[in-house]
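Working through the structure, step by step
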Amino acid sequence: MSIASGPTLSGPTLSGPALSVLDLVPVRTGQTSAQAVAASLDLVARADVLGLRRYWFAEHHNMPAVASTTPPVLAAAAAARTSRIRVGSGGVMLPNHSPLVVAEQFAALEALAPGRIDLGIGRAPGSDPVITQLLRMSGTTSDVERFPDHVRDIARLVDPEGATVQFTSGGTYDIHATPAATTAPEIWLLGSSDYSAQLAAAQGLPYVFANHFSGTGLERALALYRDQYRPSPRHPEPRTFLTANAVAAPARDEAEARALPQLRSMARLRTNKPLQPLETVEQAQAAPMDAMADSIMQSMRAKWFVGTGDEVAASLRDFAATWGVDEVMISPIAGAYEGEPMDASPGRVQTLELLAGALG
């Protein structure tokens, strides 16, 4: 089993990291959006029972294998299904949305589940240029340059004290994302480059490196974030965790088989082939990929955590200790066999159960 390698950075020595989940709400062959969402809500309910720390929904658009288009809606449904686990976005792609709308959505979520809401914010569009323009309506570069200001605006708007607009004429105007808040969602900056790491450090915000799809630049991003961190009232110390793709099964062969549909889907994405719903394990095994796609799959697989529950848990412990974090957020990318229920994800549930048990 391979894991991302790197030097040990400053941080705690861990016997086992806390476990969290990143969900793209995968859609497989023959599955409807309703069934895919039902499967994810079943998964978040199980994660809550298992004692996982948080559960985030990603924002992606117009992709046949991904139904997580609206993190706030999905987070609301997840909050209603759970009682303890933190829920939120991983993340909201801020350039697609008005800062006030994002602030209002997550202030409402915080009122729905006080103390359990995370607002993860990203700068990428989460789709292709056509969808990006449709989302923003004023062009594909709309407001991207103002990203740092918009992050700061959201933090003020969701704060119980609200924000104040200062007019050039000298007057002021008070704004609250919700009328009488007593708590606020926790804001995280997400990214896979130096930019987000440095911005999170400058604004005194928690930061997550998107290791599950990038895997390069991790050491530099964490070093920049930790070295340049400016303490803030809510976060006097830098705070970070990492994401990773993971599949656990009772036997290693089953884990490898369940990882194959997602590996093939990512290879199609990176070789500009038409996207499609996730294959079943049997479909993936029956159709070999070309040499370029196979090379990409092997490179990605080397950075994923795939094996038995004990094997993956041991690698996650090493991964967390290497990078000095106390939490790992896995994207449970286990595929489905033909005949498994359409409104459930047995492979993903199995991954969470095995890892939660092995990590204690």
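Scroll up for the structure.
What comes next is a walk through the structure.

Secondary structure assignment for the chain yields 12 helices and 11 strands. The C-alpha radius of gyration computed for the chain amounts to 20 Å, which stays within 12% of the reference 21 Å derived for 360 residues, consistent with globular compactness. Within the chain, the proportion of its 360 residues that are buried is 52%. Carbon and sulfur atoms make up 53% of the accessible area of the chain, which totals about 15,300 Å².

This part covers the packing of helix α8 (residues 252–270) against helix α10 (residues 291–301). With their axes 9 Å apart at the nearest point, α8 and α10 run at an angle of 120° to one another. As summarised for this structure, α8 and α10 are arranged oblique, according to the angle between their axes. Crossing hand, α8 versus α10: right-handed. On the side of α8, the interface is formed by E256, L260, L263, R264, M266, A267 and R270, while α10 contributes A293, I296, M297, M300 and R301.

Glancing now at the packing of aromatic side chains. Overall, the coordinates contain 9 aromatic pairs when judged by the stated rule. Arranged with centres 5.5 Å apart and planes meeting at 55°, the rings of W56 and F241 form a pair that is tilted. Of this pair, W56 sits in strand β2 (residues 54–57) while F241 sits in strand β9 (residues 240–249), and the two are 185 residues apart along the sequence. Considering the side-chain rings of F147 and Y195, the 6.4 Å spacing of their centres and the 45° angle between planes classify their relative orientation as tilted. Separated by 48 residues along the polypeptide, F147 in helix α5 (residues 147–158) and Y195 in helix α6 (residues 194–203) bring together distant segments of the chain. Residue Y195 is classed as partly exposed on the basis of its relative accessible area of 30%. By the ring-pair criterion, three or more aromatic residues cluster together here, those being W56, W188 and F241. Sitting over the ring of Y195, R123 keeps its end group 3.9 Å from the ring centre.

Another point: the nonpolar core. Counting 71 residues, the largest nonpolar core has Y55, I121, I154 and L316 as the members making the most contacts within it. Counting residues per element, this core draws most heavily on helix α11 (residues 309–323), which supplies 6 residues. In this structure, I121 is in contact with V92, L94, F147, V151, I154, I187, W188, L189 and L190, ignoring residues within four places of it in sequence. Within the second largest apolar cluster, 17 residues are counted, among which are M266, A293, I296 and W304.

Attention now goes to unusual backbone geometry. At the junction of G90 and G91, the peptide bond is cis and its omega measures out at 0° in the coordinates. Along the polypeptide, G91 turns up in strand β3 (residues 86–93). Even without a glycine there, the phi angle at V25 is positive, about 50°. Considering the arrangement of structural elements, one finds V25 in the loop between β1 (18–23) and α1 (33–50). With a phi angle near 55°, N62 is a residue other than glycine that sits in the positive phi range. With respect to the helices and strands, N62 occurs in the loop between β2 and α2 (71–81). N62 sits in the exposed class, given a relative accessible area of 57%.

Let's shift gears to the side chain of Q350. Residue placement: Q350 occurs in helix α12 (residues 346–359). Taking relative accessible area as the criterion, Q350 reaches 18% and is therefore assigned buried. Non-local contacts of Q350, meaning those with residues more than four positions away in its chain, are made with A248, A249, P250, E254 and R258.

Moving on to the pattern of salt bridges. Taken as a whole and assessed by the stated rule, the structure comprises 17 salt bridges. As a salt-bridge pair, R152 and D149 come within 3.2 Å of each other at their nearest N and O atoms. Taken as a pair, R152 and D149 lie in helix α5 at a separation of 3 residues, close to a single helical turn. On the accessibility criterion, R152 (32% relative accessible area) is partly exposed. Owing to a relative accessible area of 36%, D149 belongs among the partly exposed residues under this scheme. Put simply, R53, R54, R86, D118, D326 and E327 are held in one network by salt bridges that share partners.

As paired strands, strand β5 (residues 163–166) and strand β6 (residues 172–175) are joined by 4 bridges and run antiparallel to one another. Of the residues in β6, the one forming a bridge with T164 is D174.

Here we come to the pairing of β3. Here β3 lies mainly inside the structure; 8 of its 8 residues are buried. Bridge count for β2 against β3 is 4 bridges, and the pairing is parallel. By the bridge assignment for β3, W56 is matched with G88. In this fold, the crossover linking β2 to β3 by way of α2 has right-handed handedness. Inspection of the sheet shows β3 paired to strand β4 (residues 117–122) by 6 bridges, in the parallel sense. Across the sheet, the residue bridging to V92 is I121, located in β4. Viewed along the sheet, the connection from β3 through helix α3 (residues 99–112) into β4 turns out right-handed.

Rules used throughout
Along each chain, residues carry numbers from 1 onward, in the same order as the chain's sequence is written. The model is predicted, so local features are restricted to residues of pLDDT at least 70 and side-chain atom pairs to those at 80 or more, both for listing and for counting; the totals for chains, interfaces and linings are taken over all residues. The basis for every side-chain value is the complete set of non-hydrogen atoms in the structure, without hydrogens or water. We count a stretch as a helix when DSSP gives it H or I for four or more residues in a row; a strand needs E for two or more, and each element gets its number in order from the N terminus. The size measure is the radius of gyration over C-alpha atoms, and the globule rule it meets is 2.2 Å times the number of residues to the 0.38 power. Whether a residue is buried, partly exposed or exposed follows from its accessible area with a 1.4 Å probe, protein chains only, as a fraction of its type maximum: under 20%, in between, or over 50%, in that order. Areas reported as accessible are Shrake-Rupley estimates using a 1.4 Å probe. Residue values count occlusion only from the protein chains shown. To get an axis, fit a line to the C-alpha atoms, keeping to the stretch in contact for a helix; angles then go from 0 to 180 degrees between the N-to-C directions. Each angle receives one of four descriptions, namely roughly parallel if under 35 degrees, roughly antiparallel if over 145, roughly perpendicular if within 65 to 115, and oblique otherwise. Less than a right angle of anticlockwise turn of the near helix away from the far helix marks a crossing as left-handed, whereas a clockwise turn marks it as right-handed. We call two residues in contact when some of their heavy atoms are within 4.5 Å. Only rings of Phe, Tyr and Trp enter the pairing, Trp through its six-membered ring, and a pair is recorded when the two centres are within 6.5 Å. The plane angle decides the type: under 30 degrees is stacked, over 60 is edge-to-face, the rest tilted. Either the NZ atom of lysine or the CZ atom of arginine qualifies as a charge over a ring when it sits within 6 Å of the ring centre and within 35 degrees of the ring normal. Among buried residues, the Ala, Val, Leu, Ile, Met, Phe, Trp, Tyr and Cys ones that are joined through side-chain atoms within 4.5 Å form a nonpolar core. Every case where a carboxyl oxygen of Asp or Glu lies within 4 Å of a side-chain nitrogen of Lys or Arg is listed as a salt bridge. At least two DSSP bridges between two strands are needed for those strands to be called paired. The path from the first strand over the helix to the second decides the hand: if it runs clockwise while the strands point away from the viewer, the crossover is right-handed.

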